[in-house]
Structures are given as structure tokens and as C-alpha cells.
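# Commentary on secondary and tertiary structure
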Amino acid sequence: MSDITVTTTDGLEGREVVEYCGVVSGEAVIGANVLSDLAAGIRDVVGGRSASYEKKIETGRKEALNDVRAEAADLGADAVVGASFDYEEMAEGMLWVNVSGTAVRTR
């Protein structure tokens, strides 16, 4: 499953798309804990990056990509093209990550 290529482009260099298998998507909802919220609040005041939130975003993106790859594999695809990423705050401290694209077979 991890060998399924996911790309934001509409094709893969050196590979020809021979079949479109369908639209696939993956979602992850990530919650931040109180300590992360406190650290991020301090960073908002003094400036700088919030490593704890960045790590949570990375985790959400990886989980959503794993879902996309699993769904593509279920369709018999070997790649996902045209992938797009969406990040939304659902509620205070809850982040929704969505990845969607088109599962394809290539040669």
C-alpha cells in the first residue's frame, strides 16, 4: 500500500495512465491537548512556530494519505493523481485534514 504514489500533478512522469479507477479520499481529525494549546497560545503572543501543532498537522496529513492509499489499493490502483489537501479547524483544538484525488492504474 505504501508503494502507491500520490501526487498533486495530473500525471506521473515516465508512466502512462491506462485506467481511471475513481475518486478516493482520506480524512483525519486531530485533537490538540491542553499543553499544546497553552504552548501555542504563548507562541501566538511572543511569535515563533508551534512545534506541537506542526507535529499534529503532520500526523493528520500522514493518516489521511494512508487512507487514500488504502482506498486506491482496494480499487486496484497503483497511483493517485490530482491530490489536493484541505485543512479546517472543526472546533477549538480540533483539526480536520482531508486528502482527495483520482486513483489510477499506470504502466
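What counts, and where the lines are drawn
Residues numbered from 1 in each chain as written. Predicted model: local features only at pLDDT ≥ 70, side-chain atom pairs only at ≥ 80, totals over all residues. Heavy atoms only, no water. Helix = DSSP H or I, 4+ residues; strand = E, 2+ residues; numbered from the N terminus. Buried < 20%, exposed > 50% of the residue type's maximum accessible area, 1.4 Å probe, protein only. Patch = residues over 30% accessible without salt bridge, like charges linked within 9 Å, V, L, I, M, F, W, Y side chains within 5 Å. Areas by Shrake-Rupley, 256 points an atom, 1.4 Å probe, with all protein chains shown as cover. Salt bridge = Lys/Arg side-chain N within 4 Å of Asp/Glu carboxyl O. Lys, Arg positive; Asp, Glu negative; His and termini not counted. Charge placed at Lys NZ, Arg CZ, Asp CG, Glu CD. Core = buried A, V, L, I, M, F, W, Y, C linked by side-chain atoms within 4.5 Å. Contact = heavy atoms within 4.5 Å. Pairing = 2+ DSSP bridges.

## What to know about the environment of Glu92
Along the chain, Glu92 falls in the loop between β3 (79–91) and β4 (94–106). Among the residues examined, Glu92 registers a relative accessible area of 74% and is labelled exposed. Taking the C-alpha atoms as reference points, Glu92 and Gly31, 61 residues apart in sequence, are found 8.9 Å from one another.

## A look at a negative patch on the surface
Together, Glu27, Glu63, Asp67, Glu71 and Asp74 make up a region of like negative charge exposed at the surface. It is helix α2 (residues 51–74) that provides the largest number of residues to the negative patch, a total of four residues. Topologically, Glu63 is positioned in helix α2.

## Brief notes about the nonpolar core
Core analysis: the largest hydrophobic core is formed by 13 residues, its most contacted members being Val24, Val68, Ala72, Ala77, Val80, Val99 and Ala103. Non-local contacts of Val99, meaning those with residues more than four positions away in its chain, are made with Val24, Ser25, Gly26, Ala64, Leu65, Val68, Ser84 and Phe85.

## Some points on the pairing of β4
Taken together, the 13 bridges between strand β2 (residues 17–31) and β4 define a ladder with antiparallel strand orientation. Opposite Glu27, over in β4, you have Asn98 as the bridge partner. The pairing of β3 with β4 spans ten bridges and is antiparallel. Pairing of Ala91 across the sheet is with Met94, part of β4. Turn length for the β3-β4 hairpin, with the two strands adjacent in sequence and antiparallel, is two residues, and the turn residue Gly93 shows positive phi of about 85°.

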